[in-house]
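The primary structure of each chain is shown beneath.
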Amino acid sequence: MDSPNWMTGAMASDEKAAQVEVDGAQIAYSVWGDTSNPGMILIHGSNAHRHWWQWVAPYLARRFRVAAIDLSGHGDSDWREAYSGETFAKEVMAVCRDAEPWRKTCRGGAQFWRICWS
């Protein structure tokens, strides 16, 4: 059975993995798209990771510079002794700065709102 076109298109995308240090922890993220496009950061929900966005991000990257983060304690990012919304917000802002200059638009699940309202 062949994979659907949307899946093969997403798998063939030009994803670039990177890391940035925040308060002693390495925070992993991926980027797609041209740096001249407006930016968008994708934030996973609880018990998830940045690769949950890998099927959507390549399509968003047609119009945006997209970054997807692994918050600390998730995916490929380092673990911490304790977690807070303030720390997650620092991680998101560090990825925004490190992923090259861009205007930011945030999208995410329930955990996103906890971070933004910290």
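What comes next is a walk through the structure. On a predicted model such as this, the values are computed, not experimentally measured, just so you know.

### Examining the pattern of salt bridges
Right, so step 1: On inspection of all chains with the given rule, the structure shows five salt bridges.
Right, so step 2: Arg-80 is the partner of Glu-91 in a salt bridge, and the nearest nitrogen-oxygen pair spans 3.0 Å. Highlighted residues: Glu-91 in helix 3 (residues 85-98) and Arg-80 in the loop between strand 4 (65-69) and helix 3, separated in sequence by eleven residues.
Right, so step 3: For Glu-91, a relative accessible area of 0% puts it in the buried group.
Right, so step 4: What you see here is one network of salt bridges that share partners, running through Arg-50, Asp-70 and Asp-76.

### Focus: the side chain of Arg-80
Right, so step 1: By relative accessible area, Arg-80 is classed as buried at 16%.
Right, so step 2: One polar contact links Arg-80 to Ser-72, side chain to side chain, over a distance of 3.2 Å.
Right, so step 3: Here the side chain of Arg-80 touches Glu-91 through a polar contact of 3.0 Å, side chain to side chain.

### Quick notes on the nonpolar core
Right, so step 1: Core analysis: the largest hydrophobic core is formed by 17 residues, its most contacted members being Val-20, Ile-27, Ile-41, Ile-69, Val-92 and Val-95.
Right, so step 2: Secondary-structure elements contributing two or more residues to this core are strand 1 (16-22), strand 2 (25-32), strand 3 (39-43), strand 4 and helix 3.
Right, so step 3: Examining the composition of this core, we find that five residues originate from one element, helix 3, more than from any other.
Right, so step 4: Every residue in contact with Val-20, bar those within four places of it in the chain, is listed here: Ala-25, Gln-26, Ile-27, Tyr-29, Ala-94, Val-95 and Asp-98.
Right, so step 5: Residues Trp-32, Ala-61, Phe-64 and Ala-68 belong to the second largest nonpolar core, which totals nine residues.

What counts and how
- Residues numbered from 1 in each chain as written.
- Predicted model: local features only at pLDDT ≥ 70, side-chain atom pairs only at ≥ 80, totals over all residues.
- Heavy atoms only, no water.
- Salt bridge = Lys/Arg side-chain N within 4 Å of Asp/Glu carboxyl O.
- Helix = DSSP H or I, 4+ residues; strand = E, 2+ residues; numbered from the N terminus.
- Buried < 20%, exposed > 50% of the residue type's maximum accessible area, 1.4 Å probe, protein only.
- Polar contact = N/O pair within 3.5 Å; in protein donor to acceptor, adjacent residues only side chain to side chain.
- Core = buried A, V, L, I, M, F, W, Y, C linked by side-chain atoms within 4.5 Å.
- Contact = heavy atoms within 4.5 Å.

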